[in-house]
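Remarks on the overall topology
Each chain, written out:
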Amino acid sequence: MPGAAPGALVPGTAPGVSGLPALRRRVNAVLIASQILGGLGVATGVALATVLAQEISGTEALAGLAPTASVAGTALLSVPLAALMTARGRRPGLVLAYAVGALGAGVVVVAAVAGSFPLLLLGMAGFGAASSANLQARFAAADLAEPEHRARAISLVVWATTIGAVLGPNIAAPAGHSVSGLGIPAAAGPFLWAAGVFLAAAVLVLVLLRPDPLLTARALSPEDRSPEGRSLRAAVRAVRDSPMARLALVTVAVSHTSMVSIMSMTPVALGHHGAGIELIGLVISGHIAGMYAFAPLMGRLADRLGRLSVIGLAAGLIAVAALLAGTAGASHGRTATGLFLLGLGWSAGLVAGSALLTDSVPQPVRAAVQGLSDLTMNTAAGIGGAAAGLVVAQAGYPWLNALGAALLLPMAALTVRRALNRA
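What you see is a predicted model; the values in this text were computed from it and never measured.

1. Quick look at the overall build of the protein chain
- When its secondary structure is counted, the protein chain shows 18 helices and zero strands.
- Since a compact globule built from 423 residues should have a radius of gyration of about 22 Å, the 21 Å found for the protein chain is in line with a globular shape.
- The dimensions of the protein chain, computed from C-alpha atoms along their principal axes, are 65 × 55 × 35 Å.
- For the protein chain, the proportion of contacts with a sequence separation of at least 24, taken over those separated by at least 6, is 83%.
- When the accessible surface of the protein chain is split by element, carbon and sulfur atoms take 70% of a total near 16700 Å².
- Seen as two clouds, the 25 positive and the 14 negative side-chain charges of the protein chain have centres 6 Å apart.

2. Observations regarding the environment of G312
- When you line up the elements, G312 lands in helix α14 (residues 307-326).
- Counting along the chain gives 104 residues from G312 to V416, while the straight-line C-alpha distance between them is 8.3 Å.

3. What to know about helix α13 (residues 295-305)
- Listing the buried residues of α13 in full gives A295, M298, G299, A302 and D303. Along the long axis of α13, the arc covered by the buried residues comes to 130°, so they all point the same way. For α13, the exposed residues set more than 90 degrees away from the buried face come down to R304 and L305.
- Directly beyond the C-terminal end of α13, a positive phi value near 110° is found at G306.

4. Overview of the environment of L282
- Relative to the helices and strands, L282 resides in helix α12 (residues 277-292).
- In sequence terms L282 and A75 are 207 residues apart; their C-alpha atoms lie 28 Å from each other.

5. Let's talk about a nonpolar patch on the surface
- A cluster of nonpolar side chains, V203, L206, V207 and L208, forms an exposed patch at the surface whose accessible area comes to about 330 Å².
- Within the secondary structure, V207 sits in helix α8 (residues 189-208).

6. Focus on the nonpolar core
- In this structure, Y292, L342, V365, V369, Y397, L400 and M411 are the most contacted members of the largest nonpolar core, which totals 72 residues.
- Take this core: its biggest share by element is 14 residues, from helix α11 (residues 243-272).
- Excluding its chain neighbours within four sequence positions, the residues that come into contact with V369 are A235, A238, V239, L357 and V361.
- Core analysis: the next-biggest nonpolar cluster, separate from the first, contains 52 residues, A130, F198, A202 and V205 among them.

7. Quick notes on the pattern of salt bridges
- For the structure shown, the criterion picks out six salt bridges.
- The salt bridge partner of D359 is R150, with a shortest N-O separation of 2.5 Å. Of the two residues, D359 sits in helix α15 (residues 332-360) while R150 sits in helix α7 (residues 150-177), which places them 209 residues apart along the sequence.
- Among the ionic contacts, a cluster of salt bridges with common partners joins R150, D303, R307 and D359.

8. Describing the side chain of Q363
- Turning to its location among the elements, Q363 is positioned in the loop between α15 and α16 (366-394).
- Given the relative accessible area of 5%, Q363 is considered buried.

9. A look at unusual backbone geometry
- With omega at -5°, the peptide bond leading from R210 into P211 counts as cis.
- Mapped onto the fold, P211 is located in the loop between α8 and α9 (213-220).

10. A short note on the packing of helix α6 (residues 129-143) against α16
- Packing of α6 against α16 leaves a shortest axis separation of 11 Å and a crossing angle of 145°. Classified by chirality, the crossing of α16 by α6 is right-handed. Counting all contacts with α6, which are made through L135, Q136, R138 and F139, the residues of α16 involved are Q370, G371, S373, D374, M377 and N378.
- By residue class, the composition of the contact of α6 with α16 is three nonpolar, five polar and two charged.

11. Some thoughts on the packing of aromatic side chains
- One pass over the full model with this rule turns up four aromatic pairs.
- A centroid spacing of 5.5 Å and a plane angle of 55° characterise the contact between F127 and F198, whose relative ring orientation is tilted. Remark: F198 occurs in helix α8 and F127 occurs in helix α5 (residues 117-127); sequence separation between them is 71 residues. Here F127 matches F198 in class, with each residue buried.
- Taken together, a centroid distance of 5.8 Å and an interplanar angle of 85° make the contact between F294 and F340 edge-to-face. Taken together, the positions of F294 in the loop between α12 and α13 and F340 in helix α15 put the pair 46 residues apart, joining distant regions of the chain.
- An aromatic cluster is present here, built from F127, F191 and F198 joined pairwise through their rings.

12. Here's the deal with α11
- End to end, α11 covers 43 Å across 30 residues, agreeing with the expected 44 Å (1.5 Å per residue, within 8%).
- Along its length, α11 reaches its greatest deviation from straightness, about 35°, at T266, and the proline P267 lies no more than four positions downstream.
- Within α11, 21 of the 30 residues are buried, which leaves the element mostly enclosed by the surrounding structure.
- Among the residues trailing α11, G274 stands out with phi positive, at a value near 90°.

What counts as what
Residues numbered from 1 in each chain as written. Predicted model: local features only at pLDDT ≥ 70, side-chain atom pairs only at ≥ 80, totals over all residues. Heavy atoms only, no water. Helix = DSSP H or I, 4+ residues; strand = E, 2+ residues; numbered from the N terminus. Rg over C-alpha atoms; globule rule 2.2 N^0.38 Å. Contact = heavy atoms within 4.5 Å. Areas by Shrake-Rupley, 256 points an atom, 1.4 Å probe, with all protein chains shown as cover. Lys, Arg positive; Asp, Glu negative; His and termini not counted. Charge placed at Lys NZ, Arg CZ, Asp CG, Glu CD. Buried < 20%, exposed > 50% of the residue type's maximum accessible area, 1.4 Å probe, protein only. Arc of directions from axis to C-beta. Patch = residues over 30% accessible without salt bridge, like charges linked within 9 Å, V, L, I, M, F, W, Y side chains within 5 Å. Salt bridge = Lys/Arg side-chain N within 4 Å of Asp/Glu carboxyl O. Core = buried A, V, L, I, M, F, W, Y, C linked by side-chain atoms within 4.5 Å. Axes fitted to C-alpha atoms, helices over the stretch in contact; angles between N-to-C directions. Left-handed = near helix turned anticlockwise from the far one by under 90°. Nonpolar A, V, L, I, M, F, W, Y, C, P; charged D, E, K, R; others polar. Phe/Tyr/Trp six-rings, centres within 6.5 Å; stacked < 30°, edge-to-face > 60°. Expected span 1.5 Å × (residues − 1). Bend = angle between axes of the 7 residues up to and from the residue.

What follows is the structure, encoded as structure tokens:
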């Protein structure tokens, strides 16, 4: 049809109700596969990002800027990515994000060869685009999901990241060895591999994510017949006008910020108490397992018990996690337990908050609101991650955990208020 967006449905060709289950399964399968690839690429590169930054800059003080640049890139791309998806659908947005992630990974390799720290930070910002794709994929799963199964659909896509996140750090060493004869520093090898993985994810989405889930949802929605109200300004208005949407936005932002802030400085705290690299790796692996492996459970709970109940669970889990980690001292087992619960709390908050956000705004403005949500959560987490080092340096790791728990107060207050209003 002339003027139609690629992947759009021609009027009258939207699948009927009987065809939706098969379409949902196909869309979810493509999204899960792309999440595995995307998670693999991100985890492979991030595993040695700080090491590469230290090698290029020559100082540990600047090493933390590499992952911070990646988080900043994820946040900065959220708005244009949401705008593209709002106008053209999920498929072109996801393809662009993975392509930019691949380009960023390539720039990191060039920076490593040239020994340029500013170029490294630029590449890491582009690398963060792949994380934007991974985050937005959870909303693509919700586009066609039945409302009563929406949290479960989101959680399955989040869970798929587990596979890549677990495999990524384990292939970082082989990836480094593979470039030994190419004049590329070993710490940059994982980024070369990540570039190839991101390109594979982009091709997978480009070829197989048809018809586009967002455009299909719009074709099936009687309330969405025009592009009016799909701007970022309209997204801000939609969140402002919906108390539940405000709670959802606060939930994903607070859960993500508390998690990133505490997690980012835990390896330093463990090192100060005599933990070696192997033990630190095990603690972080347990944390990642808590983040992703139990997402389907959180999705089922959110669908069965309600979004507010699971948001309350998220607040409780993160608070207990901060208490355990903040008072662990030299007890590595206590720290590990705290980090595992921190991952569980993040999972509960992200799944339930994302589902509630999608529930709470009209179909025409959903993609823009979802982009606003990712911008908010990643900006907040970027600030929290940068501030975490200063807090630990000035006051210590226990105070960082106390502040991480304090961030939960507005989230908990809004949840109680909304629950009382519903009663």
